[in-house]
Structures are given as structure tokens and as C-alpha cells.
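What follows is the residue order along each chain.
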There are 2 protein chains.
Amino acid sequence: MTELDPAPPAVILNEPQLAENIGAVARAMANFGLSDLRLVRPRDGWPQDRAWASASGADWPLNDARVFPTLEDAIADLQLVLATTARPRELRLPVVTPREAASQLHAAASAGQKVGLLYGGERAGLETRDIALCQGVITIPVDPRFRSLNLAQAVVLSAYEWHAAAAHRPRDTFEKNREDPADHAALQGLYGQLEAELQAAGFFHPPEKTPSMINNLRAILARAGLSDQEVRTLRGVVTALSKGRGKVLEKLAAKRRAEGN
Amino acid sequence: MTELDPAPPAVILNEPQLAENIGAVARAMANFGLSDLRLVRPRDGWPQDRAWASASGADWPLNDARVFPTLEDAIADLQLVLATTARPRELRLPVVTPREAASQLHAAASAGQKVGLLYGGERAGLETRDIALCQGVITIPVDPRFRSLNLAQAVVLSAYEWHAAAAHRPRDTFEKNREDPADHAALQGLYGQLEAELQAAGFFHPPEKTPSMINNLRAILARAGLSDQEVRTLRGVVTALSKGRGKVLEKLAAKRRAEGN
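Quick notes on the rules
Residues numbered from 1 in each chain as written. Chains lettered and ligands numbered in written order. Predicted model: local features only at pLDDT ≥ 70, side-chain atom pairs only at ≥ 80, totals over all residues. Heavy atoms only, no water. Helix = DSSP H or I, 4+ residues; strand = E, 2+ residues; numbered from the N terminus. Buried < 20%, exposed > 50% of the residue type's maximum accessible area, 1.4 Å probe, protein only. Contact = heavy atoms within 4.5 Å. Areas by Shrake-Rupley, 256 points an atom, 1.4 Å probe, with all protein chains shown as cover. Salt bridge = Lys/Arg side-chain N within 4 Å of Asp/Glu carboxyl O. 1 Å grid on protein atoms, 1.4 Å probe; cavity = no way out; pocket = protein on both sides within 12 Å on 5 of 7 lines; lining within 4 Å. Points joined across faces, edges and corners; volume = space filled by probe spheres on them. Nonpolar A, V, L, I, M, F, W, Y, C, P; charged D, E, K, R; others polar. Pairing = 2+ DSSP bridges. pLDDT = per-residue confidence, 0-100. Phe/Tyr/Trp six-rings, centres within 6.5 Å; stacked < 30°, edge-to-face > 60°. Core = buried A, V, L, I, M, F, W, Y, C linked by side-chain atoms within 4.5 Å. Buried area = accessible area lost by both parts, 1.4 Å probe. Polar contact = N/O pair within 3.5 Å; in protein donor to acceptor, adjacent residues only side chain to side chain.

## Quick notes on the overall build of chain A
And step 1. Helix and strand counts for chain A stand at 10 helices and 7 strands.
And step 2. In chain A, which comprises 261 residues, the share counted as buried stands at 56%.
And step 3. Once local pairs closer than 6 in sequence are excluded, the contacts in chain A between residues at least 24 apart make up 84%.
And step 4. In the form shown here, chain A has an accessible surface area of approximately 11,100 Å², with 53% of it arising from carbon and sulfur atoms.

## Thoughts on the pattern of salt bridges
Residue and element names in this part refer to chain B.
And step 1. Enumeration over the complete set of coordinates arrives at 32 salt bridges over all chains.
And step 2. Between R38 and D36 there is a salt bridge, with its nearest N and O atoms 3.0 Å apart.
And step 3. Overall, the relative accessible area of 1% leaves R38 in the buried class.
And step 4. With a relative accessible area of 23%, D36 lands in the partly exposed category.
And step 5. Here R50 makes a salt bridge to D44, at a shortest N to O gap of 3.9 Å.
And step 6. Its relative accessible area of 34% is what places R50 among the partly exposed residues.

## Some thoughts on unusual backbone geometry
And step 1. A cis amide bond links W46 of chain A with the next residue in sequence, P47 of chain A, at an omega value of 0°.
And step 2. Relative to the helices and strands, P47 of chain A is located in the loop between strand 2 (37-40) and helix 2 (49-54).
And step 3. Cis geometry is adopted by the peptide bond preceding P206 of chain B, which originates at H205 of chain B and carries an omega value of -5°.
And step 4. Within the secondary structure, P206 of chain B is located in the loop between helix 9 (184-200) and helix 10 (210-223).
And step 5. Residues other than glycine seldom take positive phi values, yet S56 of chain B does so here, at roughly 50°.
And step 6. Positionally, S56 of chain B belongs in the loop between helix 2 (49-55) and helix 3 (60-63).

## With respect to empty space enclosed by the protein
And step 1. As enumerated under the stated definition, the model contains 3 cavities of 30 Å³ or more in all.
And step 2. Along the walls of the largest cavity sit 20 residues, with L221 and L234 of chain A together with L221, L234 and V237 of chain B positioned nearest its centre.
And step 3. Elements with a minimum of two residues in the lining of the largest cavity: helix 8 (184-200), helix 9 (210-223) and helix 10 (228-258) of chain A together with helix 9, helix 10 and helix 11 (228-258) of chain B.
And step 4. Per-class residue counts for the lining of the largest cavity are 20 nonpolar, no polar and no charged.

## What about the sheet that holds strand 4 (residues 80-84) of chain A?
Residues and elements named next belong to chain A.
And step 1. Strand order in the open sheet formed by 7 strands is 3-2-1-6-4-7-5, and the pairing between neighbours is parallel. Across the chains shown, the open sheet's two edge strands, defined by having one partner strand only, are strand 3 (66-68) and strand 5 (95-96).
And step 2. Judged from the 2 bridges that link them, strand 5 and strand 7 (residues 136-138) form a sheet pairing that is parallel. Pairing of V96 across the sheet is with I138, part of strand 7.

## A short note on the confidence of the model for chain A
All names here are of chain A.
And step 1. Across chain A, the average pLDDT comes to 88, with 88% of residues at or above 70.
And step 2. Counted against residues more than four places away or in other chains, residues 170-177, with its pLDDT under 50, gives 10 contacts.
And step 3. For this predicted complex, the interface confidence score (ipTM) comes to 0.79, while the overall pTM stands at 0.82.

## Regarding the packing of aromatic side chains
Residue and element names in this part refer to chain B.
And step 1. In total, this model carries 8 aromatic pairs over all chains according to the counting rule given.
And step 2. Arranged with centres 5.9 Å apart and planes meeting at 80°, the rings of F32 and Y160 form a pair that is edge-to-face. With F32 in the loop between helix 1 (19-31) and strand 2 (37-40) and Y160 in helix 7 (residues 151-166), this pair connects stretches of sequence that are 128 residues apart. Comparing F32 with Y160, the two get one shared label, buried.

## Re the nonpolar core
And step 1. Ranked by internal contacts, the top residues of the largest apolar core, which has 83 residues, are L13, V25 and L37 of chain A together with V11, L13, V25 and L37 of chain B.
And step 2. Looking at this core element by element, the count peaks at 10 residues for helix 7 (residues 151-168) of chain A.
And step 3. Non-local contacts of V25 of chain B, meaning those with residues more than four positions away in its chain, are made with V11, L13, L37, L151, A152 and V155 of chain B.

## Some thoughts on the interface of chain A and chain B
And step 1. Contacts between the two partners involve 68 residues from chain A, matched on the other side by 69 residues from chain B.
And step 2. Summed over both sides, the interface between chain A and chain B buries roughly 5,900 Å², with carbon and sulfur atoms accounting for 60% of that surface.
And step 3. Interface area lost by chain A to chain B is led by R92, F146 and L241 of chain A, which between them contribute 13%.
And step 4. One can count 4 salt bridges joining chain A with chain B.
And step 5. For E161 of chain B, the salt bridge identified is with R99 of chain A, shortest N-O distance 2.7 Å.
And step 6. Remark: the boundary between chain A and chain B carries 20 residue pairs in polar contact (both at pLDDT 80 or more).
And step 7. Among the elements of the structure, helix 1 (19-31), helix 5 (98-110), helix 7, helix 8, helix 9 and helix 10 of chain A are those that each provide at least two residues to the side of chain A that touches chain B.
And step 8. When residues of the side of chain A that touches chain B are assigned to their parent elements, the largest contribution, 16 residues, is made by helix 10 of chain A.
And step 9. Grouping the constituent residues of the side of chain A that touches chain B by class yields 39 nonpolar, 14 polar and 15 charged.

What follows is the structure, encoded as C-alpha cells:
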């Protein structure tokens, strides 16, 4: 929470496949001062000896690594999460380079926020629904003739940029009147309520478009950088609109009946 | 060789040990447009199938790799060579970060010079005599608690910086993702609809707080930078929540009546 020593980002690996790569990620993290490693459904289970072997002594991120059943759980306590992905998406989330991401993460962490970097599995990468849980996308400016980046290479670039940004210690003009952003658990509560009400109201049609409609709505809300108070306000809005209008309609219906319509 | 397309640096590996690492270096090079790979006395000989296996398809730097008996031979045709090493030396050579190195290499290559990046073997690193053949030293600003960088990780950082310096900030993915923001007339239409529905639903209480509640809601929506399409989506959300739920309640009421409640 101090200006001098912002907490480095957590690294979240969603469905990583090879233990060797998890170890290489831990090594890359340690090189640049990161230590909070989170694994969502690692394919071969956890722990795996081969991870420690490939970490070349960077054991502490592995020793302290936490395993989560869902990505939502893994990022629940974080306030700013950026997803690294190569493919452009239909989602309207800001797309930044690792350097721009580092400056954004550093500003947020310097203001006391908990921040994270999300990576997909080696083969599958991230689904749109995973990215829709994040506040922004990091795209590494690779040569278009060979885009396939190794997982640990992708991690090391953002870790390096984080360390470079932290070393510079730019006096960031992070607006003082800005409130802390809500954490992802709060955001997910809002998403869940809104989507359930919209489902009940028959908003999602045709049904096969439901996932992309949900992702687009989440991207809008993620971009707004909601505070806890604002999440509560919007939950109140959803409640008022969905319940309150029912009351209004009932009154209207009663009035019509009274008028003999 | 032109201002527009300077030749990327050669990568020289001095006495590399593991073929897997040579393959990983080739992959890192390909990610950032480098292709000239030079090997000085690779421990296990050359070629090695395991290099191709770990290059994940980045075959061309391996196919074209040249093997040299001495470092002097390997860099004979180059005009600017920077050695990457972690340890400070007695040599009075300029020490730069990968970013500063990229800018220096790019300036030289843009002026038609042939440039290179030198790396030592996995275990031994570079001898002082090797470094003394170079024009400068690149030191990667790692966390002092864990300095041991994987060879391909060291290469990828300078390759990435080269590419960033060479490419003029490719913002194309961002631009493609970006839609024109909605104009204020569209926004105000959304505000008006939302606020009227909330008013009808009894959301604004106590009444004297209505203006500040409205301002807060508008600020949230303004921050999201909505496109026209997103404004239409959100108007649909408001309609669905306010009207759709009414339908649900009406159905529920009808059901209750039918059940004789």
C-alpha cells in the first residue's frame, strides 16, 4: 500500500499443460521479483516434480503456488487483471503492449491495488469468456510470420517490463479522487445478478448468442473500472429495474381493471 | 539495409550446451523477426534433432545456422556486437539495458551496419576475453535475489526490444478493436431512458439525492467509452429488465390466481 513498494502482479495460468513450463514461468517470475503464482486446473495435477526441476532454483513461487478450480476463484481478490493473448477479439477491451501494461499495473499497484497477469494454456490459449473477466488485453508485438510464443517467454516479457517500470518509479498521476476498484468477486456478483435477471426477462435470444452477449456486457462493465460503491449502485439499479417495474406494471394493471379496460 | 528495414542483429551463442536451448533461442528469434543464428563450438555438435523439436516450427534460424570454430570467426563480419552478461567486469565497456541496446543496435543497423548479440553458454557464461571482443555489455535488470536467467529468456528480451525499437509502435490491433465512441445524443438517450425507468421503479430515494445518484450513474457509463452498438445493447438491457420482469411477475401472478392463492 506504499508508494515505494507496490506489490508485484500475481501470475495466473489458466489450464497450463506442461509442468516444465510452469517451472520455467516460476523462474521468469523470480528473475523479476514476482512470486504469487496461481494455477487454474493444471492438466497433470499439482504438485509436479518436473516443475521444480525446470525452475532451476526459483522454488518459492512453486512452493507457494495456489490451485483453483475456476478462473473466477483465482482472480476473485484482484482489482486489475490483464490477459495476454495473441488473437484479436470481438471484445471491446483496451489492448496494450507489455510496456503499457506494466505502467498501468504499476500505477494501480502503487495505489494499493492487487493486480494480476493472466495467461492461457500452451495449446488452447484463453477463451473469450476468460478474457471477458479481465480489464484489458496485453498483446505482445511479435513478428506476424511467427506468432507462437512459448508460455514462459510471454510471462518473462511482462515480468521484465513490470520490473523496469517499478525501477523507474515514475511519480504516477493516479487520480487521488479515484476510489479503489472493486475486486473480481464483487464484479462477478454483479455479472451473475444482471445475467440471471436478463435470462429471466428473455433478453438472451437467439439462445446460441447468449455467451457472446454476456461477454460483451461484461467487457462494458470491466472497462468502467467500477468501485465497490458503484458495484452496489449498479446491483441496486438491476434490482430496481427488474423488481420495481413489476410493481409499476401491477399498479398499471390494477388501474386498468378499475377503469374497466 | 535501408532506413525502413534495418537488418536485425545476428545472435551468436558461444559454446552452448543444450540443443533444446538452441531451439528455444531460434523460436524466440523468430517471434521478433531475427533469423541469423551463429553457434560457436556447440558442446554436443551440430545439427541436433532436439533443437528442431524445441523450436516449435521456427525452423529457419536452425536450418540456416552456421557453426564457427572461434568467437572471433563468428563475429568477423559484424560491426557492432553487444555481449549479454550478468556479472560486472573490470572491462571499461559501456553497460546498457536491453532497451538502450536495442536503440543503439537499431541506429547502427539503420546506418547499414551489421550488428550482433552475443550470449555465453548456460553454465559458464562469457569469459572476460569474449566480452572484450565486443563494443558493449548488455545487463538485464533482474531481481538481485534471483539472477539466473535462462538462455532463451535472455535472448527473447533483447529480441523483443529490438522489434519494439524497429517497429513503430504497431497499434493496429488496438485500432481494429476500437469502434467510434457513441455521440452525446446517443448517450443522453440512454441516460434518459435509464433514469426514467429508475424513477418509475422508485430507485431514487431520498429524493434530494436524486441529482447526485444520477451523476454517479452517468459517470460510470461515461467512463466505459461506449460505442453506438453498446448504447443500443444497454438500452435493450434496460428495456428487458424493466419490461421483461414485469411479464414474469404477471405470469407469476396469473399462476397464483390459477392455483387459487
